[in-house]
Amino acid sequence: MAIHLSPDTLVLSVPGWQSSPPGHWQTIWEQNGGPSFVRVEQRDWENADLASWVSVLDDSLARLRRPVLLLAHSLGALTVVHWASASRRVTQVEGAFLVAPPDVECSVRCPSCLHSFSPIPRDILPF
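Quantities reported herein were computed from a predicted structural model and do not represent experimental measurements.

Looking at the pattern of salt bridges
And then number 1: For the coordinates displayed, the defined rule picks out three salt bridges.
And then number 2: A salt bridge links Asp58 to Arg89, with the nearest nitrogen and oxygen atoms 3.2 Å apart. Taken together, the positions of Asp58 in helix H2 (residues 50-64) and Arg89 in the loop between helix H3 (75-86) and strand S4 (93-99) put the pair 31 residues apart, joining distant regions of the chain.
And then number 3: Residue Glu105 pairs with Arg122 through a salt bridge whose shortest N-O separation is 2.9 Å. Of this pair, Glu105 sits in the segment after S4 while Arg122 sits in the segment after S4, placing them 17 residues apart in sequence.
And then number 4: For Glu105, a relative accessible area of 36% translates into the label partly exposed.
And then number 5: Of the residues examined, Arg122 reaches a relative accessible area of 62% and is grouped as exposed.

Following this line, the structure appears as structure tokens:
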């Protein structure tokens, strides 16, 4: 599938729980993508809180004021899904690449600090 983006589109990288360390594919893409890549920096990478993470994503988009392609990994993918179900700023997003969302609805395999991301919205994304 081909993706056609506006010439002024930024890639907004949305890492997951504990961020993406050096050597992680997401960090490598950011480093190689140059100024067209911007990373969302959560206030607390260890103690993920849904409301806070969604707010930081929304604030990041508000500051950019340009079209974006969201590049989200792990808990970042769920952050995007929750944000999209509640935001009016979705017209700024030209598309999303969501990789490896965790199963936060399975209490056996999911760390308790990620339970605030459950339940996962099942709405069709508007982008």
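After that view of the structure, there is still more to cover.
Notes on the packing of aromatic side chains
And then number 1: Enumeration according to the criterion identifies five aromatic pairs in this entry.
And then number 2: Relative to Trp29, the ring of Trp25 lies with its centre 4.9 Å away and its plane at 70°, an arrangement referred to as edge-to-face. Residue Trp25 and its partner Trp29 are both found in helix H1 (residues 25-33); the two are separated by four residues, about one turn of the helix.
And then number 3: Overall, Trp25 belongs to the partly exposed group, its relative accessible area being 24%.
And then number 4: Taking the relative accessible area as the measure of exposure, Trp29 reaches 40% and is therefore partly exposed.

Some thoughts on the state of the cysteines
And then number 1: Applying the stated criterion across every chain, the model contains zero disulfides.
And then number 2: Counting only cysteine sulfurs, Cys110 is the nearest neighbor of Cys106, a cysteine outside any disulfide, at a range of 7.8 Å.
And then number 3: Here Cys113 stays unpaired: no disulfide links it, and the sulfur of Cys110, its closest cysteine neighbor, is 7.3 Å away.

The rules behind these values
Numbering of residues starts from 1 in each chain and follows the order in which that chain's sequence is written. For a predicted model such as this one, the threshold for reporting local features is a pLDDT of at least 70, and the threshold for listing and counting side-chain atom pairs is 80 or more; totals across whole chains, interfaces and linings nevertheless cover every residue. Side-chain numbers here rest on the full set of heavy atoms in the structure, without hydrogens or water. One speaks of a salt bridge when a side-chain nitrogen belonging to Lys or Arg is within 4 Å of a carboxyl oxygen belonging to Asp or Glu. In this description a helix means any DSSP run of H or I spanning at least four residues, a strand means any run of E spanning at least two, and both kinds are numbered starting from the N terminus. The cut-offs for exposure are 20% and 50% of the maximum accessible area for each residue type, with area from a 1.4 Å probe on protein chains only; residues under the lower value are buried, those over the upper are exposed, and the others partly exposed. Working definition: a ring pair exists when centres of Phe, Tyr or Trp rings (six-membered ring for Trp) sit within 6.5 Å. Plane angles under 30 degrees give stacked, over 60 give edge-to-face, the rest tilted. Note on terminology: pairs of cysteine sulfur atoms within 2.5 Å are recorded as disulfides.

Limitation: the analysis is restricted to geometry and does not speak to function.
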